[in-house]
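For reference, the chains in residue letters:
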Amino acid sequence: MPLVDELLDPVGDSRSSFLLDGQTVVLEDYLDVRPDRASEVAAALREQRLEAGPWFVLADGLIPGGEGLVRNLLAGRRTLQALRATPPPVLYCPDSFGHPAALPTLARGFDTAVVVLWRGYGGANAPDGDTAWWSAPAGDRVVLFHLTPSGYELAANLPSEPQAARARWARMRGELAGRATTGAALLLNGADHHARQPDLAGALAALRDAAAPDEVRASSLAEFARDLVRRSSDAPLPQLRGELRDSYGYTWTLQGTLASRAGQKRRYALRERELVRDVEPWAAIARFNGGASRRQLMNAAWRPVLLCQAHDTLCGTGVDPVARAMDARLESAAVQAAGLREDAILDLIGHDRDAARAPGERWRSILLLRNRAPRARSGVADVSLALKLADVPVGPGSSHVSLSAARAAGFLATRWPFGEPVQILDMAVVNELTEAPRFYPDNDAVVRFDAVAWVDHAEPYGVTAFEYPEHPRPEQTVPYPVVARGRSVSNGRISLRWDAAGRLTFEHLAAGRVIRSLLDWESRRDGGDLYTPSIRGRKLAPRLLGTRVLHPGPLRGVVEQRWRFAAKGERVDVAVRFLIDADGAHLRMHVVGENAARDHRLRLRVRTDVRDGITVADAAFGPVERAPAHGPDARMERRVHTAPLHRYVSQFAEQSGGGATLFADGLAEYESLKDGFAVTLLRAVGELSRSNLVERPGHAGWPAPTPDAQCQGPFECHLALLLHGARSSAVIDEIERVADDVLHPLVGETLRSALRVPGPVHGMALEGEGLALSAVKESEDGEWLVLRCVNLVNEEREGTWRVGRIAEDAQLARLDETPLEPLAVRGDAIAFRAPPRGVVTILVR
């Protein structure tokens, strides 16, 4: 608050522009405390005495998905629109630890032509100079301006004494002059946590005199960006493509942060993906079908997630209280997401909580099956089934209700006439509340079954209701059911076998591909900090405790292996459950562990039959090809060989024509090996920054103990392995479909208070090979349904959205939802063309 107070109440002539690090969250925080000064903040922004945005928070660029970054920019714009202001036309990214290949697409999608950055670019393979054209895979191009090796601190704390000013200018000019491609350079007078410099006017006057005949003048970031675009328009600038993760030898790149506080990064990915794929679409479809708008509530649910995007927070390079605050924000987002999803789905099926709450004796249990994909699907669904055992009174006079698992099992045996295939995996007796706005909750004891069921057909983004247990459905035929025999589980398409020593063999039966010794463990000592790993020799040796079949099928086969890593009082226990579903072509792995070791990195190595293949990894708005890390290690920082992991990473053999893809539900770091992949499950370290690392001599941040970053306690992840053909449009499409099946499987939940069985709900369908859903949401102004997809292939594609009801109007739009041109509407269908690797946004009403 004192910083903004000072900027609004300038002393003397210190009224030059002040940049809030390209983010608007500072303004929201300030106005929460000083709402009386909103008009003064608005005036300072319009006069460019104060600059903020376009980001809501200065985000990490490599860990969030493309839609997460879009929501960040939309939130930043909302803050400024409320103050009748606009951001500087610059994506300002001065300290992010690398930048996604799609960043130019994000910039252009928000009408921005300039990106300013520092880390991630400038290594030995980079062209000379501070300015270049940077193109995204989709072809969108921006002017990239690269800060000097000193970064955003180059002009901090300028001296006002003439001799000192001359000496300072000589040092700064030495960094600037040889790189000034267009003749213009940017001096940033400030740094992390710095307020405005005292006597800035005097310091600038001294610098102007010292710099003559070079010209130095006060500016704003917006003014610099406009000048840079003008100077660059006809300049023969170098051309760049792809992601930027190499500033080795120029400044610290800090790519080792991808596994710092790994579990927290996974929780972030789960929340972001849930909002994008399993909350926003249902809220938007409900609105499109005449329901209430929930866009303000969606913005509120996004806010805690966006606060986690701040690059030091999400990277894990903060002290423990910062990490604990992130945990609380993610928990808040999870609760809000669950409530918004439930409300939207009940709207879609026409369920009135108040009307249903009163006549409890008329309740009918229904299973609400939902398909979280833009295509029709069949397959095994994860369902939660609940049957009432007894009323549980609450309040004075209530008595104890005795329930037991044995009674629940007997209840199941006598009252479960399901005709369709259902396989029970687990069950428990729990208390369950049925709530309504105008009543106290109704509390019942229920037996809840975790189960899987076969589904023949589920509509794209649809909800289908099934009544039970009174109305059985005809028995269905399940293709490729799972069978367990001895030391093997198979569905006729893939199989998993193991020998007496627990060594696993995975086989793709139709292709005749066999992978022996499927998994290896790697436990290594890590003497690093939260910025940089320092990996040394073996830490703990794995010991197999046993292999057993938990579920033999027919819908799901589950094999469990338990491992223990122990030495000198330290221990890690891990269980890996291997899942094969009926008709499935991929092997899933659920890893659950308990860490009681310190200064330790644990990785799971998944072997494939692809040797020395090309690596293609999922990233923001589509996958990128990644070559092995190369180049000399610089004295200031050793190169790491790990890379960012989004939903999946693939290897394609150049000679044999085969490929393999590993899917992950949120772990952020992988390494591509000669015969497979290594994923980092956890990296346990106890210091924010150490100065004595050979990998990075010097402190990357202030030294501080971070005992929570030792990641003691539980950890988990979900992985899956798919064997497929050579890289082609069809295989790219197959990988995307399996990503949906792994990360967004068919799910069903019980609604016990239904008064009727509602008809099916049809949502949005996306047609077109190689096209992947990116977003279905309500527009920022509440006037449109926003549909966005990404073309994953390097060829133009024709696509069609089908919205399930007559559409009145459709517009092609930018990422920021600005309409560009009308599109033809034929009934419920909107056809479009997607350019190679293009991101296509369509507004519908």
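Now for a quick tour of the structure. Because the structure is a prediction, the values reported are computed rather than measured.

Cut-offs and rules
- Residues numbered from 1 in each chain as written.
- Predicted model: local features only at pLDDT ≥ 70, side-chain atom pairs only at ≥ 80, totals over all residues.
- Heavy atoms only, no water.
- Helix = DSSP H or I, 4+ residues; strand = E, 2+ residues; numbered from the N terminus.
- Expected span 1.5 Å × (residues − 1).
- Buried < 20%, exposed > 50% of the residue type's maximum accessible area, 1.4 Å probe, protein only.
- Arc of directions from axis to C-beta.
- Contact = heavy atoms within 4.5 Å.
- Phe/Tyr/Trp six-rings, centres within 6.5 Å; stacked < 30°, edge-to-face > 60°.
- Polar contact = N/O pair within 3.5 Å; in protein donor to acceptor, adjacent residues only side chain to side chain.
- Pairing = 2+ DSSP bridges.
- Axes fitted to C-alpha atoms, helices over the stretch in contact; angles between N-to-C directions.
- Parallel < 35°, antiparallel > 145°, perpendicular 65-115°, else oblique.
- Left-handed = near helix turned anticlockwise from the far one by under 90°.
- Nonpolar A, V, L, I, M, F, W, Y, C, P; charged D, E, K, R; others polar.
- Bend = angle between axes of the 7 residues up to and from the residue.
- Salt bridge = Lys/Arg side-chain N within 4 Å of Asp/Glu carboxyl O.

**Quick look at helix α7 (residues 200–211)**
Reasoning step 1: The end-to-end C-alpha distance of α7, which contains 12 residues, comes to 16 Å, matching closely the 16 Å that a straight helix rising 1.5 Å per residue would cover.
Reasoning step 2: Of the residues making up α7, those classed as buried are Leu 200, Ala 203, Leu 204, Ala 206, Leu 207, Ala 210 and Ala 211. Viewed end-on, α7 has its buried residues packed into an arc of 160°, placing them on one side of the element.
Reasoning step 3: Taken together, the buried residues of α7 touch α6 (162–176).

**Details of the packing of aromatic side chains**
Reasoning step 1: On inspection of all chains with the given rule, the structure shows 7 aromatic pairs.
Reasoning step 2: With 5.5 Å between their ring centres and 85° between their planes, Trp 118 and Tyr 152 make a pair best called edge-to-face. With Trp 118 in the loop between β4 (114–117) and β5 (131–135) and Tyr 152 in the loop between β6 (141–146) and α6, this pair connects stretches of sequence that are 34 residues apart. No difference in accessibility class separates Trp 118 from Tyr 152, as the two residues are buried.
Reasoning step 3: Judged by centre distance (5.0 Å) and plane angle (75°), the ring pair of Phe 145 and Phe 224 falls under edge-to-face. A residue pair is termed long-range when its members are at least 10 positions apart, and Phe 145 in strand β6 and Phe 224 in helix α8 (residues 221–232) qualify at 79 residues.
Reasoning step 4: Taking relative accessible area as the criterion, Phe 224 reaches 6% and is therefore assigned buried.

**Some points on the environment of Thr 615**
Reasoning step 1: Turning to its location among the elements, Thr 615 is positioned in strand β25 (residues 614–617).
Reasoning step 2: The exposure class of Thr 615 is buried, given its relative accessible area of 6%.
Reasoning step 3: Along the backbone, Thr 615 and Ala 660 are 45 residues apart, and their C-alpha atoms lie at a distance of 9.8 Å.
Reasoning step 4: In this structure Thr 615 touches Val 624, Glu 625, Arg 626, Val 649, Ser 650, Gln 651, Tyr 670 and Ser 672, once residues within four positions along its chain are discounted.
Reasoning step 5: For Thr 615, the side chain forms a polar contact with the side chain of Ser 672, separated by 2.6 Å.

**What about the pairing of strand β32 (residues 713–724)?**
Reasoning step 1: The element β32 is largely enclosed, with a buried count of 9 among its 12 residues.
Reasoning step 2: Examined bridge by bridge, strand β29 (residues 659–664) and β32 share 6 bridges and lie antiparallel to one another. Within the sheet, the bridge partner assigned to Ala 664 lies in β32 and is Leu 719.

**Notes on the environment of Gly 546**
Reasoning step 1: By the secondary structure assignment, Gly 546 is in strand β20 (residues 541–552).
Reasoning step 2: Residue classification places Gly 546 among the partly exposed residues on the basis of a relative accessible area of 28%.
Reasoning step 3: For the pair Gly 546 and Glu 560, spaced 14 residues apart in sequence, the C-alpha to C-alpha distance is 8.1 Å.
Reasoning step 4: Every residue in contact with Gly 546, bar those within four places of it in the chain, is listed here: Glu 560, Gln 561 and Arg 562.

**Concerning the environment of Arg 166**
Reasoning step 1: In this fold, Arg 166 is placed in helix α6.
Reasoning step 2: With relative accessibility at 48%, the residue Arg 166 sits in the partly exposed group.

**Describing the packing of helix α11 (residues 295–308) against helix α13 (residues 320–349)**
In a pair of packed helices, the angle between the axes and the distance between the axes together describe the arrangement.
Reasoning step 1: Contact geometry for α11 and α13: axes closest at 8 Å, N-to-C directions at 155°. The angle between α11 and α13 falls in the class roughly antiparallel. Between α11 and α13 the crossing geometry is left-handed. Of the residues in α13, those touching α11 at Leu 297, Met 298, Ala 300, Ala 301, Pro 304, Val 305, Leu 307 and Cys 308 are Met 326, Arg 329, Leu 330, Ser 332, Ala 333, Gln 336 and Leu 340.
Reasoning step 2: For the contact of α11 with α13, a count of residues per class yields 12 nonpolar, 2 polar and 1 charged.

**Quick word on the pairing of strand β22 (residues 570–581)**
Reasoning step 1: Burial analysis of β22 places 10 of its 12 residues in the buried class, which makes it a mostly covered element.
Reasoning step 2: In the sheet, strand β21 (residues 556–567) pairs with β22 via 12 bridges, with the strands oriented antiparallel. Following the sheet pairing, Arg 564 is matched in β22 by Asp 573.
Reasoning step 3: Following β21, the chain reverses through 2 residues before pairing antiparallel with β22; Lys 568 in that reversal takes a positive phi of roughly 50°.
Reasoning step 4: Pairing geometry for β22 and strand β23 (residues 586–596), over 9 bridges, is antiparallel. What sits directly across from Ala 575, in β23, is Val 592.
Reasoning step 5: The hairpin formed by β22 and β23 contains 4 residues between the paired strands, and Asp 583 there has a positive phi angle of roughly 70°.

**Comments concerning the sheet that holds β6**
Reasoning step 1: Ordered by their spatial adjacency, 5 strands build an open sheet running β3-β4-β6-β5-β7, and the pairing between neighbours is mixed. Either end of the sheet is taken by a strand with one partner, and the two such strands are β3 (90–93) and β7 (239–241). Strand-to-strand twist across the sheet, computed as the mean angle between neighbouring axes with direction ignored, equals 30°.
Reasoning step 2: For β5 and β6, the ladder comprises 5 bridges, and the chain directions are antiparallel. Paired with Ser 135 across the bridge in β6 is Arg 141.
Reasoning step 3: Sheet strands touched by α8: β3, β4, β5 and β6. Its angle to β6, the strand with the most contacts, is close to 115°.

**Brief notes about the side chain of Glu 817**
Reasoning step 1: Tracing the backbone through its elements, the reader meets Glu 817 in the loop between β38 (810–813) and β39 (819–822).
Reasoning step 2: Among the residues examined, Glu 817 registers a relative accessible area of 10% and is labelled buried.
Reasoning step 3: Looking at Glu 817, its side chain comes within polar contact range of the side chain of Lys 777, at 2.8 Å.

**As for α11**
Reasoning step 1: The end-to-end C-alpha separation of α11 is 20 Å, in line with the 20 Å expected for 14 residues at 1.5 Å each.
Reasoning step 2: In the structure, α11 departs most strongly from a straight axis at Trp 302, where the bend amounts to approximately 30° and where the proline Pro 304 lies between one and four residues downstream.
Reasoning step 3: Inspection of α11 places Met 298, Asn 299, Ala 301, Trp 302, Pro 304, Val 305, Leu 306, Leu 307 and Cys 308 among the buried residues, and these make up the whole buried set.
Reasoning step 4: Here the buried face of α11 lies against α2 (25–33), α4 (66–82), α9 (262–278), α10 (280–288), α12 (311–315) and α13.

**Looking at unusual backbone geometry**
Most peptide bonds take the trans configuration, and most residues that are not glycine carry a negative phi.
Reasoning step 1: Here the bond from Gly 53 into Pro 54 is cis, since omega is 10°, no more than 30 degrees from zero.
Reasoning step 2: Residue placement: Pro 54 occurs in the loop between β2 (50–51) and α4.
Reasoning step 3: Geometrically, the link from Ala 212 to Pro 213 is a cis peptide bond, its omega value of 10° lying close to zero.
Reasoning step 4: A positive phi is found at Asp 599, a non-glycine position, where the angle reads about 50°.
Reasoning step 5: What makes Asp 599 partly exposed here is its relative accessible area of 28%.
Reasoning step 6: We note that Phe 621 has phi near 60°; this positive angle belongs to a residue other than glycine.
Reasoning step 7: The class for Phe 621 is buried, based on a relative accessible area of 9%.

**Concerning the pattern of salt bridges**
Side chains that carry opposite charge are capable of pairing whenever their charged atoms lie near each other.
Reasoning step 1: Counted according to the given criterion, the structure contains 85 salt bridges.
Reasoning step 2: With a closest N to O distance of 3.9 Å, Asp 111 and Arg 814 form a salt bridge. Taken together, the positions of Asp 111 in the loop between α5 (103–109) and β4 and Arg 814 in the loop between β38 and β39 put the pair 703 residues apart, joining distant regions of the chain.
Reasoning step 3: Notably, a salt bridge pairs Arg 752 with Glu 432, separated by 2.5 Å at the nearest N-O pair. Of the two residues, Arg 752 sits in strand β33 (residues 747–754) while Glu 432 sits in strand β10 (residues 422–436), which places them 320 residues apart along the sequence. With respect to burial, Arg 752 and Glu 432 carry one shared label: buried.
Reasoning step 4: Salt bridges linked by common partners bring Arg 271, Glu 274, Asp 278, Arg 341, Arg 370, Arg 372 and Glu 749 together as one network.

**Some details on the packing of α10 against α13**
Reasoning step 1: Relative orientation of the contacting elements α10 and α13 amounts to 35°, with a least axis distance of 8 Å. Viewed along their axes, α10 and α13 form a crossing whose handedness is left-handed. Contact residues: Trp 282, Ala 283, Ile 285 and Ala 286 in α10; Arg 341, Ala 344, Ile 345, Asp 347 and Leu 348 in α13.
Reasoning step 2: Among the residues forming the contact of α10 with α13, the class breakdown is 7 nonpolar, no polar and 2 charged.

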